[in-house]
Amino acid sequence: MELRQLQYALQIAIDKNFSRAAEKLHIAQPSLSQQLSKLEKEIGLLLFQRTTNSVEVTYAGSLFVEKAQAILDMVEQLKREMEDISQMRKGKLVVGSLPITGAHVLPLVLPVFQERYPEIEIMLMEETTANLEHLTASGQIDISLLSLPLMDDSLTYEPLIEEEIVLALPPQHRLAKTAEAEKRPIRIEELREEPFIALKKGQGFRQITLQLCEHAGFSPRIVFESSNIETVQSLVAAGMGIAFVPHMISRGAWSQHAPAYLSLADRPTRMLVIAYRKGRYMSKAVEAFISTFKEVVEQQ
């Protein structure tokens, strides 16, 4: 059994397709099939059930893939420890990010990091909160930019930014006029009858929206959902509803027809963190990235 065979099995399990897996592994599909057959023959078990249109992981295959991921993660950690001991500057860092946050923060951080550490390759993965937590806990991602609370107990974090949450609503909305006339922030209780536009399930900020409304004594009436915060804001600007958004999103009008942004009475916030698995070896590249991130954020 070879390490590359573990990598092959893992990629097939992820893609559930031999052609896509072979493409990502940069090998020919017949070679991939041959290596898998060789592995299955060696262990005497079928890892994948092949049909004309799909590839399904067998029970034995799911156990094999789980252990293979753990072994490959240990090998990667060992490699990084040895690189750090020999003071090599080369390496790879896999960074996970929420699409909302990554689009506004990472363009400030990544250029600085790459200038300081040009030999370290950064691989960026944008996913939902749930997927990022899973990928980080399993070692497929080194660190992830997330917001609290974290659902996976195997993760820990470094705090980065505490950011205010604001209300986005159509410019001609009655509450926008009320707030302007009375010079006051909006109470969340006032939004009980309003139609909400929210991010889809699996996005951390959706949970923040639900919690804010729950604390105010009601469940939001969600009329539209999107996986993209820009779409949410477009729908708000078009008069289709209201939404809670992070303050960083509200800086300036990103289109000709932007929503109005108002402060909320209790000034709710979210905490952005860099999350990583408890007990996982913290490479020099990871330490350098976290240090650079904090430095850049403090300068903003």
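The structure under discussion appears in the preceding block.
In this report, the structure presented in the accompanying data block is examined. (Residues numbered from 1 in each chain as written. Predicted model: local features only at pLDDT ≥ 70, side-chain atom pairs only at ≥ 80, totals over all residues. Heavy atoms only, no water.)

1. Notes on the overall build of the protein
Moving on, step 1. On a plain count of helices and strands, the protein comes out with 10 helices and 11 strands.
Moving on, step 2. The long-range fraction of contacts in the protein, counting pairs at least 24 apart against all pairs at least 6 apart in sequence, stands at 72%.
Moving on, step 3. Of the accessible surface of the protein, which amounts to about 15,900 Å², a share of 52% is contributed by carbon and sulfur atoms.
Moving on, step 4. Across the protein, the mean location of the 32 positive side-chain charges is 3 Å away from that of the 38 negative side-chain charges. (Helix = DSSP H or I, 4+ residues; strand = E, 2+ residues; numbered from the N terminus. Contact = heavy atoms within 4.5 Å. Areas by Shrake-Rupley, 256 points an atom, 1.4 Å probe, with all protein chains shown as cover. Lys, Arg positive; Asp, Glu negative; His and termini not counted. Charge placed at Lys NZ, Arg CZ, Asp CG, Glu CD.)

2. Focus on the packing of aromatic side chains
Moving on, step 1. With the rule as written, the count across this model stands at four aromatic pairs.
Moving on, step 2. Within the aromatic cluster, the residues linked to one another by ring pairs are F113, Y117, F289 and F293. (Phe/Tyr/Trp six-rings, centres within 6.5 Å; stacked < 30°, edge-to-face > 60°.)

3. As for unusual backbone geometry
Moving on, step 1. Across the junction of L148 and P149, the peptide omega takes the value 5°, indicating a cis bond.
Moving on, step 2. With respect to the helices and strands, the residue P149 is situated in the loop between β5 (143–147) and β6 (155–169).
Moving on, step 3. Although it is not a glycine, K16 sits at a positive phi angle of roughly 55°.
Moving on, step 4. You can see K16 is positioned in the loop between α1 (3–15) and α2 (18–25).
Moving on, step 5. For H26, which is not glycine, the phi dihedral falls at a positive 60°.
Moving on, step 6. With relative accessibility at 73%, the residue H26 sits in the exposed group. (Buried < 20%, exposed > 50% of the residue type's maximum accessible area, 1.4 Å probe, protein only.)

4. Describing the environment of Y59
Moving on, step 1. Take Y59: it is sitting in helix α4 (residues 59–85).
Moving on, step 2. Through-space distance from the C-alpha of Y59 to that of I188 is 49 Å; in sequence the pair is 129 residues apart.

5. A closer look at the pairing of strand β3 (residues 91–97)
Moving on, step 1. β3 sits mainly inside the fold: five of its seven residues count as buried.
Moving on, step 2. As paired strands, β3 and strand β4 (residues 120–126) are joined by seven bridges and run parallel to one another. By the bridge assignment for β4, L93 is matched with I122.
Moving on, step 3. Between the parallel elements β3 and β4, the chain passes through helix α5 (residues 99–116) in a crossover that is right-handed. (Pairing = 2+ DSSP bridges. Right-handed = clockwise from strand over helix to strand, strands pointing away.)

6. Comments concerning the side chain of H173
Moving on, step 1. With respect to the helices and strands, the residue H173 is situated in the loop between β6 and α7 (174–182).
Moving on, step 2. Taking relative accessible area as the criterion, H173 reaches 13% and is therefore assigned buried.
Moving on, step 3. Engagement of the side chain of H173 in a polar contact is seen with the backbone nitrogen of L175, the distance being 2.9 Å.
Moving on, step 4. In contact with H173, other than residues within four places in its own chain, are E194 and I242. (Polar contact = N/O pair within 3.5 Å; in protein donor to acceptor, adjacent residues only side chain to side chain.)

7. Observations concerning helix α3 (residues 29–43)
An α-helix turns once every 3.6 residues. As a result, residues three or four positions apart point the same way.
Moving on, step 1. With 15 residues, α3 should reach 21 Å at 1.5 Å per residue; the first-to-last C-alpha distance of 21 Å fits that figure.
Moving on, step 2. Restricting attention to buried positions, one finds in α3 the residues L32, Q35, L36, L39 and E40. Projected down its long axis, α3 shows its buried positions confined to an angular sector of 135°, all on one face. Every exposed residue of α3 that faces more than 90 degrees away from the buried side is listed here: P30, Q34 and K41. (Expected span 1.5 Å × (residues − 1). Arc of directions from axis to C-beta.)

8. Focus on α1
Moving on, step 1. For α1, with 13 residues, the first-to-last C-alpha span of 19 Å sits near the 18 Å given by 1.5 Å per residue.
Moving on, step 2. Burial in α1 covers these residues: Q5, L6, Y8, A9, L10, Q11, I12, A13 and D15.
Moving on, step 3. Looking one or two places after α1, you find K16, whose phi comes out positive at around 55°.

9. Regarding the nonpolar core
Moving on, step 1. L191, F244, F289 and F293 are the most contacted members of the largest nonpolar core, which totals 56 residues.
Moving on, step 2. In terms of residue count, helix α10 (residues 284–299) provides more of this core than any other element does, eight residues in total.
Moving on, step 3. Excluding anything up to four places from it in sequence, F289 contacts L93, V95, L106, V109, L110, F113, I122, I143 and I274.
Moving on, step 4. L39, V55, V65 and L72 belong to the second-largest nonpolar core, a separate cluster that totals 19 residues. (Core = buried A, V, L, I, M, F, W, Y, C linked by side-chain atoms within 4.5 Å.)

10. Considerations on the pattern of salt bridges
Moving on, step 1. The full count for this structure, using the stated rule, is 14 salt bridges.
Moving on, step 2. R4 is paired through a salt bridge with E2; the nearest N and O atoms lie 2.7 Å apart.
Moving on, step 3. A relative accessible area of 35% places R4 in the partly exposed class.
Moving on, step 4. The class for E2 is partly exposed, based on a relative accessible area of 34%. (Salt bridge = Lys/Arg side-chain N within 4 Å of Asp/Glu carboxyl O.)

11. Some words on the packing of α2 against α3
Moving on, step 1. At a closest axis distance of 9 Å, the pairing of α2 and α3 adopts a crossing angle of 100°. In this view, α2 runs roughly perpendicular relative to α3, as classed from their interaxial angle. Along the contact surface, α2 presents F18, S19, A21, A22 and L25, while α3 presents Q29, L32, S33 and L36.
Moving on, step 2. Of the residues contributing to the contact of α2 with α3, the split by class is six nonpolar, three polar and no charged. (Axes fitted to C-alpha atoms, helices over the stretch in contact; angles between N-to-C directions. Parallel < 35°, antiparallel > 145°, perpendicular 65-115°, else oblique. Nonpolar A, V, L, I, M, F, W, Y, C, P; charged D, E, K, R; others polar.)

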